[in-house]
Amino acid sequence: MRYFYEFWFVIGSTIQWNTSQSLLVVYCFLQLKQGTYLIWLNHYIKITTDKEWWEMRNKSLDAAKAVAACLVVFIHVSFPGQVGQIIKVLARCAVPFFFMISGYFCYYEGKTAEDKIPSKILHILKLFFISLLFYLVWEYIMKFLSGEDTGEWLKELTDSSHLKEFALYNSTSVVRAHLWFLPALIYCYAVDFFVEKWKLRKAAYCCIPVLLAMLLWRAEFCRFFGGFYHTMEYRNFLFTGFGFYLTGQMIHEYQDKMYQCFVQKHTERHIKWLLIVGMAAGAALSILEYSFQNAREIYLGNCIAVICLFLWLVLYGKEKKISPILAEIGRKYAFLIYLLHPAVADVMKKISHHVGIDSSLCYLWLRPLLVYGITLGMIQGVFTLNMRLKDCSRR
């Protein structure tokens, strides 16, 4: 009888852990008890497989990552005309979304955060160095083929002002501007490590409105008062990055409490529609801001829309039937699409110019979709080839 109580104590103590950790603890407990309850466990507890874990995952977040990667492509390879500019305005919520989802999946309880954040930093650091090396070689080839002075460009890479901008503002414009996201994310993880280590999470959450307000002031509202900031002075880890990162983390921490509160007060349906209205209002506000101010890196409407969207996905996304293909793209390929699509766009630009269709309206409308599709196809092809090579090596 005492073993029975001990067994359920172990089960109860693992409820807050993920499934794999819980099963490991239960398995170890059963082994220590000489396997007495192993047969009983097989009868009454269903072991969670990878397939079941996939079923429990909020696939709407993965699908949203695939869409966000597509929106990033539409920012860098835009559609023609005023319609293309409006699409770009709406797509500005993609990068904040990526920071939010990074913070969301970096929420851990207790000491687990200190254990897991360093591995995330090392993973992104490795990805950054590989991407940096790739684009250094790529840019050299592109400049050489275009007849530009590659020697002057190589000198710029080691210029102290550029190195300072990289260290302070995560600016990678001298190589490829879109790579700034990776060092910014590394900085976010590094700051979060010390936030967790010194138990300052609640204090960090209080900084969210301050960071977002400073971002919008520098990116947009200061211009009404004659002010001006360079893009890198607000498109960095602190303003564009950490505020949204913390927002995603906070939503993860309080998602269950929010949902339970809405259910108890019978307001979950009203909240769902309120968030949808918030998304639509944010999108409309972004377009209105663009009409008054022209192109900006981010708008107040983008912030409203992306926060409402993220809350909707977290609270109600599991209820929706999501395309498994879209979810798989978001889970496996979104990050790589973000990193590699500029190289694909460069090749397409060269080919279209050589063929003589670079000014064709039909081509210009298809170009962003082609860049996304070709990038995705290349990444998927490499993944498939890699899996087949692994299978062959096992045989």
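Rules used in this analysis
- Residues numbered from 1 in each chain as written.
- Predicted model: local features only at pLDDT ≥ 70, side-chain atom pairs only at ≥ 80, totals over all residues.
- Heavy atoms only, no water.
- Axes fitted to C-alpha atoms, helices over the stretch in contact; angles between N-to-C directions.
- Helix = DSSP H or I, 4+ residues; strand = E, 2+ residues; numbered from the N terminus.
- Parallel < 35°, antiparallel > 145°, perpendicular 65-115°, else oblique.
- Contact = heavy atoms within 4.5 Å.
- Nonpolar A, V, L, I, M, F, W, Y, C, P; charged D, E, K, R; others polar.
- 1 Å grid on protein atoms, 1.4 Å probe; cavity = no way out; pocket = protein on both sides within 12 Å on 5 of 7 lines; lining within 4 Å.
- Points joined across faces, edges and corners; volume = space filled by probe spheres on them.
- Salt bridge = Lys/Arg side-chain N within 4 Å of Asp/Glu carboxyl O.
- Buried < 20%, exposed > 50% of the residue type's maximum accessible area, 1.4 Å probe, protein only.
- Patch = residues over 30% accessible without salt bridge, like charges linked within 9 Å, V, L, I, M, F, W, Y side chains within 5 Å.
- Areas by Shrake-Rupley, 256 points an atom, 1.4 Å probe, with all protein chains shown as cover.
- Left-handed = near helix turned anticlockwise from the far one by under 90°.
- Phe/Tyr/Trp six-rings, centres within 6.5 Å; stacked < 30°, edge-to-face > 60°.
- Disulfide = S-S within 2.5 Å.
- Lys, Arg positive; Asp, Glu negative; His and termini not counted.
- Polar contact = N/O pair within 3.5 Å; in protein donor to acceptor, adjacent residues only side chain to side chain.
- pLDDT = per-residue confidence, 0-100.

K.L.:
Give a description of the packing of helix 8 (residues 112-146) against helix 18 (residues 334-355) that names residues and reports values.
P.N.:
Between helix 8 and helix 18, the shortest axis-to-axis distance is 11 Å and the interhelical angle comes to 5 degrees. Overall, the two elements helix 8 and helix 18 adopt an arrangement that is roughly parallel. Judged by residue contacts, Ile124, Leu127, Ser131, Phe134, Tyr135, Trp138, Glu139, Met142 and Ser146 of helix 8 engage Phe335, Leu339, Leu340, His341, Pro342, Ala343, Asp346, Val347 and Lys350 from helix 18. Considered class by class, the residues forming the contact of helix 8 with helix 18 number 12 nonpolar, three polar and three charged.

K.L.:
Break down the layout of surface pockets for me, citing the residues and quoting the values.
P.N.:
Considering only enclosed or pocket space, the second largest pocket measures out at about 780 Å³ in volume. Lining the second largest pocket are 23 residues, and of these Lys65, His123, Ile124, Arg331 and Phe335 sit closest to its centre. Broken down by secondary-structure element, the contributors of at least two residues to the lining of the second largest pocket are helix 7 (94-104), helix 8, helix 11 (181-197), helix 17 (324-332) and helix 18. For the lining of the second largest pocket, the element with the most residues is helix 8, which contributes six residues. Per-class residue counts for the lining of the second largest pocket are 14 nonpolar, three polar and six charged.

K.L.:
Lay out the pattern of salt bridges in plain terms, naming residues and giving numbers.
P.N.:
Per the stated rule, a full pass over the model turns up 11 salt bridges. The partner of arginine 201 in a salt bridge is glutamate 253, with the nearest N and O atoms 3.5 Å apart. Here arginine 201 is found in helix 12 (residues 201-206), whereas its partner glutamate 253 is found in helix 14 (residues 237-264), with 52 residues between them in sequence. As far as the burial class goes, arginine 201 and glutamate 253 line up, both buried.

K.L.:
Residues and numbers for a nonpolar patch on the surface, please.
P.N.:
Among the surface-exposed residues, Leu133, Val137, Tyr140, Ile141, Phe144, Leu145 and Leu154 lie close enough to one another that they form a single nonpolar patch of about 690 Å² accessible area. Inspection of the secondary structure assignment puts tyrosine 140 in helix 8. Look at tyrosine 140 and you get partly exposed, because its relative accessible area is 34%.

K.L.:
Explain the packing of helix 8 against helix 9 (residues 150-157) to me, and be specific about the residues and the numbers.
P.N.:
Remark: helix 8 packs on helix 9, axes separated minimally by 10 Å, with the N-to-C direction vectors making an angle of 150 degrees. Here helix 8 is positioned roughly antiparallel relative to helix 9, judged by the angle of their axes. Relative to helix 9, helix 8 is oriented so that their crossing is right-handed. From helix 8, Leu136, Glu139, Tyr140, Lys143 and Phe144 reach across to helix 9, where they touch Thr150, Trp153, Leu154 and Leu157. Taken together, the residues of the contact of helix 8 with helix 9 break down into six nonpolar, one polar and two charged.

K.L.:
Hey, could you go over the packing of aromatic side chains for me, with residue numbers and the actual values?
P.N.:
Applying the stated criterion to the full structure yields 27 aromatic pairs. When the ring of phenylalanine 128 is compared with that of phenylalanine 166, the centres are 5.9 Å apart and the planes differ by 10 degrees; the resulting orientation is stacked. Linking phenylalanine 128 in helix 8 with phenylalanine 166 in helix 10 (residues 160-169), this pair joins segments that are 38 residues apart in sequence. Residue classification places phenylalanine 128 among the buried positions, given a relative accessible area of 5%. We classify phenylalanine 166 as partly exposed; its relative accessible area is 28%. One aromatic cluster in this structure is built from Phe97, Phe98, Phe99, Tyr104, Phe105, Trp180, Phe181, Phe310, Phe335 and Tyr338.

K.L.:
Kindly report on empty space enclosed by the protein, identifying the contributing residues and their values.
P.N.:
Applying the stated criterion to the full structure yields one cavity of 30 Å³ or more. Lining the largest cavity are Gln85, Lys88, Val89, Arg92, Tyr290, Ala295, Arg296 and Tyr299. The leading source of residues in the lining of the largest cavity is helix 6 (residues 81-91), at three residues.

K.L.:
Summarise the state of the cysteines; cite the residues concerned and give the values.
P.N.:
The full count for this structure, using the stated rule, is zero disulfides. The structure places no disulfide on cysteine 93, whose sulfur is separated from the nearest cysteine sulfur, that of cysteine 303, by 9.8 Å. Under the relative-accessibility criterion, cysteine 93 is labelled buried at 14%. Judged by relative accessible area, which is 7%, cysteine 303 ranks as buried.

K.L.:
Describe the side chain of glutamine 249, with residues and values.
P.N.:
Mapped onto the fold, glutamine 249 is located in helix 14. Taking relative accessible area as the criterion, glutamine 249 reaches 0% and is therefore assigned buried. Among residues more than four places away in sequence, those in contact with glutamine 249 are Gly103, Tyr104, Cys106, Tyr107, Asp192, Glu196, Arg201 and Tyr205.

K.L.:
I'd like a description of the side chain of glutamate 289, backed by residues and values.
P.N.:
Within the fold, glutamate 289 resides in helix 15 (residues 268-293). This buried residue, glutamate 289, is left without a salt bridge; arginine 296 holds the nearest opposite charge, at 8.7 Å. In this structure the side chain of glutamate 289 is engaged in a polar contact, spanning 3.2 Å, whose partner is the backbone nitrogen of leucine 300. Residues within four places of glutamate 289 in sequence aside, it is in contact with Glu220, Asn294, Tyr299, Leu300 and Gly301.

K.L.:
Any chance you could break down the confidence of the model for the protein chain for me, citing the residues and the numbers?
P.N.:
Within the protein chain, residue pLDDT values average 86, and 85% of them lie at 70 or more. Here residues 1-54 scores under 50 on pLDDT; set against residues more than four positions off or in separate chains, the count is 41 contacts.

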